[in-house]
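# Breakdown of the fold
Listed below are the residues making up each chain.
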Amino acid sequence: MIGHLLTSSAVVFRPSHVGDGRGGRTRSFVQINSVLVKVNQPSVAEEELAARQGATLAYRVHMSAGEDVRRDDELDVGGRRLRVVGVVSDSHGTYKRADCEVVQVGQ
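The rules we used
- Residues numbered from 1 in each chain as written.
- Predicted model: local features only at pLDDT ≥ 70, side-chain atom pairs only at ≥ 80, totals over all residues.
- Heavy atoms only, no water.
- Pairing = 2+ DSSP bridges.
- Helix = DSSP H or I, 4+ residues; strand = E, 2+ residues; numbered from the N terminus.
- Axes fitted to C-alpha atoms, helices over the stretch in contact; angles between N-to-C directions.
- Buried < 20%, exposed > 50% of the residue type's maximum accessible area, 1.4 Å probe, protein only.
- Contact = heavy atoms within 4.5 Å.
- Salt bridge = Lys/Arg side-chain N within 4 Å of Asp/Glu carboxyl O.
- Lys, Arg positive; Asp, Glu negative; His and termini not counted.
- Polar contact = N/O pair within 3.5 Å; in protein donor to acceptor, adjacent residues only side chain to side chain.

On to the sheet that holds strand β3 (residues 58-64). Picture the strands of a sheet paired through backbone hydrogen bonds; they go either parallel or antiparallel. Strand order in the closed barrel formed by six strands is β1-β2-β3-β6-β5-β4, with antiparallel pairing between adjacent strands. Here the average twist between neighbouring strands, direction ignored, is 40 degrees.

So this is what it looks like as structure tokens:
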């Protein structure tokens, strides 16, 4: 149903925890798959307001209903890394929406 709107590609990364051999765990991200998406860009006003208030800028990413995208996954969309905060589906099961935040370099 929304296939004609999915004009961008996103690489999905999922967190993985591996023992470090000293009793601790190291978190890394493993590439899971690629999905077609539509990313809703924040408006200029939203970007300026977030910058002034030190807030996190939110993005909404739409994809087909059957895609395996989960909370805490990260999406690489054209070199911009987005962390999935939550995923919801529409009532007809035609699409998923992932609410995301920007991942800053070094985080």
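Moving on from the coordinates now.
Next up on the list: the environment of Ser9. By secondary structure assignment, the location of Ser9 is in strand β1 (residues 8-19). A relative accessible area of 43% places Ser9 in the partly exposed class. The sequence separation of Ser9 and Leu75 amounts to 66 residues, and the corresponding C-alpha distance is 9.5 Å. For Ser9, the contacting residues outside a window of four places in its chain are Ser34, Val35, Val37, Asp76, Val77 and Gly78.

A word on the pattern of salt bridges. With the rule as written, the count across this model stands at nine salt bridges. Here Arg70 and Asp68 are joined by a salt bridge, their closest N and O atoms 3.1 Å apart. Residues joined by salt bridges that share partners form a network here, namely Arg14, Asp68, Arg70 and Asp73.

Mapped onto the elements, Val12 comes out in strand β1. Here the alpha-carbon distance between Val12 and Val69, two residues 57 residues apart in the chain, equals 7.2 Å.

Next up on the list: the side chain of Asp90. Topologically, Asp90 is positioned in the loop between β5 (80-89) and β6 (95-102). Comment: no salt bridge for buried Asp90; closest opposite-charge side chain is Arg97, at 10 Å. For Asp90, the side chain forms a polar contact with the main-chain nitrogen of Gly93, separated by 3.2 Å.

A few words on the pairing of β1. Strand direction decides the pairing type here: β1 and strand β2 (residues 25-40), joined by 12 bridges, are antiparallel. Each residue of the ladder has a partner; that of Gly19, found in β2, is Arg25. Here β1 folds back onto β2 in antiparallel fashion, the turn holding five residues, of which Gly21 has a positive phi close to 85 degrees. Examined bridge by bridge, β1 and strand β4 (residues 74-77) share three bridges and lie antiparallel to one another. Note that in β4 the partner of Phe13 across the bridge is Glu74.

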